[in-house]
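Descriptive structure summary
Take a look at the letters that make up each chain.
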Amino acid sequence: MHSTKHQIAIDDNVATLHLNSFHYGIAGSGKKVYIQAAIHADEVPAMLVAHVLRGELARLEAEGKVKGEIILVPAANPLGLSQVVHGAPFGRYDLSTGTNFNRAYRHVADALKQSLAGKLGQDAGANVALIRAEARRVVSEWEPQDNAATLKKTLLAMAIDADIVLDLHCDNEAVLHMYTGTPLTEAVQPLADLMGARVLLVAKESGGEAFDEACSRVWWDLQDHFLDANIPPSCVAVTVELRGENDVRYDYARQDADAILQYLARAGVLDIEQRPLPAPQCQPLPLDAVEPLVAPHAGVLVFHKRLGEQVAAGEPIADIVNPVSGKVTPVAATRPGLLFASTAHRHLLRGMHVCKVAGADSFRSGNLLSS
């Protein structure tokens, strides 16, 4: 194992910050895996899972059981970790630009459609190697204009040519759930089974240029463009939401890390004993079938339903109670589904996020992710 420090903040007004990455195995000896935790900075469950992974990967490397290359970034956002608002960490958005740390990554497919014209054929292996080389070049030529973009370039440069990308997050309050590209559904289902995910949400394009799609969507975008070339979806990128932000427990972290190691074993990256897959706790659902619910007016949020419960269309999930006017308004989904995520706040203003319900029938379009 070796570690690398990457300089992020370099202007005159911000102290220099460093991003640390830990490298296991040998580059080029097998599949490349990239794992990062907490791009939204204060996603503590993700950092704890990365901590457990770090110890396990060091042990496995010492035992000669790492059969590829694994890069682990246990705290992916030093900029966000340095931000404090009214005494609380604030890591979702860059305060200097207002941008989400998990949006606006460089989508290299647009540049590759030009640079690869006439160079791809039916040899899938040759195509994959050429696409990865070109993708590395395009990312290296990205000229970021601010510190947040510098961070994004640094992270993407490590991941753009990986076979597997695991982006570890957490929600406000949630059951364990995942996001991935529709073409990757079959490859990701074993990870969902191993981790006991209650929801696996899939989309060919979710909008906003999130990190996982910056790594994975390039492959099917190029296949759709170069129709005569053989371009397999060669990066299995997944956003893993490790329950809620307060679910910081050693038992959760150990079982999540163990599931990830089992998944890497099934991918041929780790030489460890593989256990049988557990029974699935979810089937893939379209991301455009998720219904986000918001508060109709200000008041106290009181839930009737618990996370992980099925809800019927029109069934009250929660009430918004205005203690001044006495007005009580139920909040309900218009479609049936699983209540899988909610806000951790219990007093809301009008329009604030209440919860998300994952249904089965597509009905939304446009940007499918929250801001």
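As shown above, the structure is provided for reference.
Here the structure is a predicted model, which means the values were calculated and not measured.

**A look at the overall build of the chain**
For the chain, the helix and strand inventory stands at eight helices and 20 strands. The C-alpha radius of gyration computed for the chain amounts to 21 Å, which stays within 12% of the reference 21 Å derived for 371 residues, consistent with globular compactness. Put simply, the chain has 371 residues, and 52% of those count as buried. When contacts within the chain are restricted to residue pairs at least 6 apart in sequence, long-range pairs at least 24 apart make up 71% of them. Total accessible area computed for the chain in this model is approximately 16,100 Å², and 51% of it derives from carbon and sulfur atoms. Computing the positive centroid from 33 side-chain charges and the negative centroid from 43, the chain places the two 2 Å apart.

**Focus on the side chain of Asp319**
Here Asp319 is to be found in strand S16 (residues 316–321). Comment: no salt bridge for buried Asp319; closest opposite-charge side chain is Lys327, at 12 Å. Only 2.9 Å separates the side chain of Asp319 from the side chain of His304, close enough to count as a polar contact. Contacts of Asp319, omitting those with residues within four sequence positions, involve Val300, Leu301, Val302, His304, Val328, Thr329 and Pro330.

**Side note on the pattern of salt bridges**
Counting across every chain of the model gives 19 salt bridges. When the shortest N-O distance is used, the salt bridge between Arg59 and Glu63 registers 3.4 Å. Under the relative-accessibility criterion, Glu63 is labelled partly exposed at 40%. Counted as one network, the salt bridges with shared partners bring together Glu205, Glu209, Glu213, Arg217 and Asp221.

**Considerations on the layout of surface pockets**
Looking at the largest pocket, its volume works out to about 1,200 Å³. Surrounding the largest pocket, 43 residues form its lining, Arg92, Asp171, Lys356, Ser370 and Ser371 being those nearest its centre. Every element with two or more residues in the lining of the largest pocket is listed here: strand S7 (164–171), strand S9 (177–181), strand S10 (199–203), helix H7 (211–225), strand S11 (236–244), strand S13 (290–294), strand S18 (337–342) and strand S20 (353–358). Lining the second largest pocket, in full, are Lys31, Asp163, Ile164, Ala187, Pro190, Ser234, Val236, Tyr263, Arg266 and Ala267. Those elements that place two or more of their residues in the lining of the second largest pocket are helix H6 (185–195) and helix H8 (250–266). In terms of residue class, the lining of the second largest pocket is made up of six nonpolar, one polar and three charged.

**Some thoughts on the sheet that holds S7**
Spatial ordering of the open sheet is given by S1-S2-S4-S3-S7-S11-S9-S10-S12, a layout of nine strands whose pairing is mixed. The strands lining the two open edges of the sheet, one partner per strand, are strand S1 (2–7) and strand S12 (284–286). Each adjacent strand pair in this sheet contributes to an overall mean axis angle of 25 degrees, direction not counted. Helix-sheet contacts for H6 involve S7, S9, S10, S11 and S12, and the interaxial angle to S11 is about 25 degrees.

**Some remarks on a nonpolar patch on the surface**
Taken together, the side chains of Val85, Phe90 and Leu95 make up a nonpolar region of the molecular surface, amounting to roughly 230 Å² of accessible area. Turning to its location among the elements, Phe90 is positioned in the loop between strand S6 (88–89) and helix H3 (109–115). Its relative accessible area of 31% is what places Phe90 among the partly exposed residues.

**Digging into the packing of aromatic side chains**
Within this structure, the stated rule accounts for three aromatic pairs. The rings of Tyr34, Tyr105 and Phe211 are connected pair by pair, giving a single aromatic cluster.

**Let's talk about H7**
Along its 15 residues, H7 runs 22 Å from first to last C-alpha, staying within 8% of the 21 Å computed at 1.5 Å per residue. The axis of H7 is deflected most strongly, by about 40 degrees, at Arg217. The element H7 is extensively covered by neighbouring structure, given that twelve of its 15 residues are classed as buried. Residues Phe211, Asp212, Glu213, Ala214, Cys215, Ser216, Arg217, Val218, Trp219, Trp220, Asp221 and Leu222 constitute the buried set of H7.

**Section: the packing of helix H1 (residues 44–62) against H8**
Close contact between H1 and H8 brings their axes to 8 Å; oriented N to C, the two are set at 50 degrees. By the criterion of interaxial angle, the relationship of H1 to H8 is oblique. Crossing geometry of H1 relative to H8 is assigned as right-handed. Across the interface between the two elements, Leu48, Val49, Val52, Leu53, Glu56, Leu57 and Leu60 of H1 pack against Tyr250, Ala253, Arg254, Asp256, Ala257, Ile260 and Leu261 of H8. Of the residues that constitute the contact of H1 with H8, the class distribution is eleven nonpolar, no polar and three charged.

**Some points on unusual backbone geometry**
Residues apart from glycine generally show negative phi values, whereas peptide bonds are mostly found in trans. Unusually for a residue other than glycine, Ala38 sits at a positive phi of about 65 degrees. Of note, Arg243 is a non-glycine position whose phi angle comes to about 65 degrees, a positive value. Exposure remark for Arg243: the relative accessible area of 9% places this residue in the buried category.

**Re empty space enclosed by the protein**
Within the structure shown, the criterion is met by one cavity of 30 Å³ or more. Of the volumes computed, that of the largest cavity is approximately 50 Å³. Along its surface, the largest cavity is lined by Pro45, Leu48, Val49, Leu242, Arg243, Asp247, Val248, Arg249, Tyr252, Ala253 and Asp256. Where the lining of the largest cavity is concerned, the elements lending two or more residues are H1, S11 and H8. Class assignment of the residues belonging to the lining of the largest cavity gives a composition of seven nonpolar, no polar and four charged.

Reading the values: rules and limits
Residues numbered from 1 in each chain as written. Predicted model: local features only at pLDDT ≥ 70, side-chain atom pairs only at ≥ 80, totals over all residues. Heavy atoms only, no water. Helix = DSSP H or I, 4+ residues; strand = E, 2+ residues; numbered from the N terminus. Rg over C-alpha atoms; globule rule 2.2 N^0.38 Å. Buried < 20%, exposed > 50% of the residue type's maximum accessible area, 1.4 Å probe, protein only. Contact = heavy atoms within 4.5 Å. Areas by Shrake-Rupley, 256 points an atom, 1.4 Å probe, with all protein chains shown as cover. Lys, Arg positive; Asp, Glu negative; His and termini not counted. Charge placed at Lys NZ, Arg CZ, Asp CG, Glu CD. Salt bridge = Lys/Arg side-chain N within 4 Å of Asp/Glu carboxyl O. Polar contact = N/O pair within 3.5 Å; in protein donor to acceptor, adjacent residues only side chain to side chain. 1 Å grid on protein atoms, 1.4 Å probe; cavity = no way out; pocket = protein on both sides within 12 Å on 5 of 7 lines; lining within 4 Å. Points joined across faces, edges and corners; volume = space filled by probe spheres on them. Nonpolar A, V, L, I, M, F, W, Y, C, P; charged D, E, K, R; others polar. Pairing = 2+ DSSP bridges. Axes fitted to C-alpha atoms, helices over the stretch in contact; angles between N-to-C directions. Patch = residues over 30% accessible without salt bridge, like charges linked within 9 Å, V, L, I, M, F, W, Y side chains within 5 Å. Phe/Tyr/Trp six-rings, centres within 6.5 Å; stacked < 30°, edge-to-face > 60°. Expected span 1.5 Å × (residues − 1). Bend = angle between axes of the 7 residues up to and from the residue. Parallel < 35°, antiparallel > 145°, perpendicular 65-115°, else oblique. Left-handed = near helix turned anticlockwise from the far one by under 90°.

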